[in-house]
Amino acid sequence: MMRTLQKIFRNECPICEHGKVFRDKSFFFSLGFPKMNEYCSHCHFKFEKEPGYFFGAMFVNYALTVAEGLATYGVAQQFFDHTFDLRIIPIISVVIIALCFFNIRLSRMIWIYLFKNYSV
């Protein structure tokens, strides 16, 4: 499991572990919509199997965003007197917006790794 997570965060091909899925050099700090390679440069594995293949990654992205929002709420509420203070909402919003481009990449990588054995 840890090895798979390392491969996901290193932006490696799920089949050969040598090629890169995204063209961007930095997986963590890139602005804009991610640009993906169509095929792995090493093993020629096709990342997007069909049009709409990454539609399911949208649900993974949603789950990541909800988890980040809940974690941010859990940390931020420690600094306020009331259980739910309205000043927490902008804090959660800033964290979610700051992590949105990272979430897109991570959700697509998770989606590719979920279905790597079914699409070879």
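Shown above is the structure to which this text applies.
Rules and cut-offs
Residues numbered from 1 in each chain as written. Predicted model: local features only at pLDDT ≥ 70, side-chain atom pairs only at ≥ 80, totals over all residues. Heavy atoms only, no water. Core = buried A, V, L, I, M, F, W, Y, C linked by side-chain atoms within 4.5 Å. Buried < 20%, exposed > 50% of the residue type's maximum accessible area, 1.4 Å probe, protein only. Helix = DSSP H or I, 4+ residues; strand = E, 2+ residues; numbered from the N terminus. Contact = heavy atoms within 4.5 Å. Phe/Tyr/Trp six-rings, centres within 6.5 Å; stacked < 30°, edge-to-face > 60°. Lys NZ or Arg CZ within 6 Å of the ring centre and 35° of its normal.

### Topic: the nonpolar core
Among the nonpolar cores identified, the biggest contains 20 residues, and Val21, Met36, Phe47 and Phe54 are the most heavily contacted of them. If you list the elements that add at least two residues to this core, you get helix H2 (57-76) and helix H4 (100-114). At six residues, H4 tops the list of elements feeding residues into this core. If we ignore the near neighbours within four places in the chain, the residues touching Met36 are Val21, Phe22, Arg23, Phe47, Phe54, Arg108 and Ile112.

### Considerations on the environment of Ala63
For Ala63, the location among the structural elements is in helix H2. Counting along the chain gives 43 residues from Ala63 to Leu106, while the straight-line C-alpha distance between them is 11 Å.

### Topic: the environment of Tyr39
Mapped onto the fold, Tyr39 is located in the loop between helix H1 (2-9) and H2. Its relative accessible area of 40% is what places Tyr39 among the partly exposed residues. The spatial distance from the C-alpha of Tyr39 to the C-alpha of Phe9 is 18 Å, given a sequence separation of 30 residues. Residues within four places of Tyr39 in sequence aside, it is in contact with His44, Phe45, Lys46 and Phe47.

### Quick notes on the packing of aromatic side chains
All told, the structure shown has five aromatic pairs when counted by the stated rule. Centroid distance Tyr53 to Phe54: 5.0 Å. Interplanar angle 75°. Geometry classified as edge-to-face. We classify Tyr53 as buried; its relative accessible area is 12%. We classify Phe54 as buried; its relative accessible area is 9%. Consider the rings of Trp111 and Phe115, whose centres lie 4.7 Å apart with planes at 65°: the pair is edge-to-face. Between the NZ or CZ atom of Lys49 and the centre of the ring of Phe45, over which it lies, the distance is 3.8 Å.

The quantities given are spatial measurements derived from coordinates; they are silent on function.
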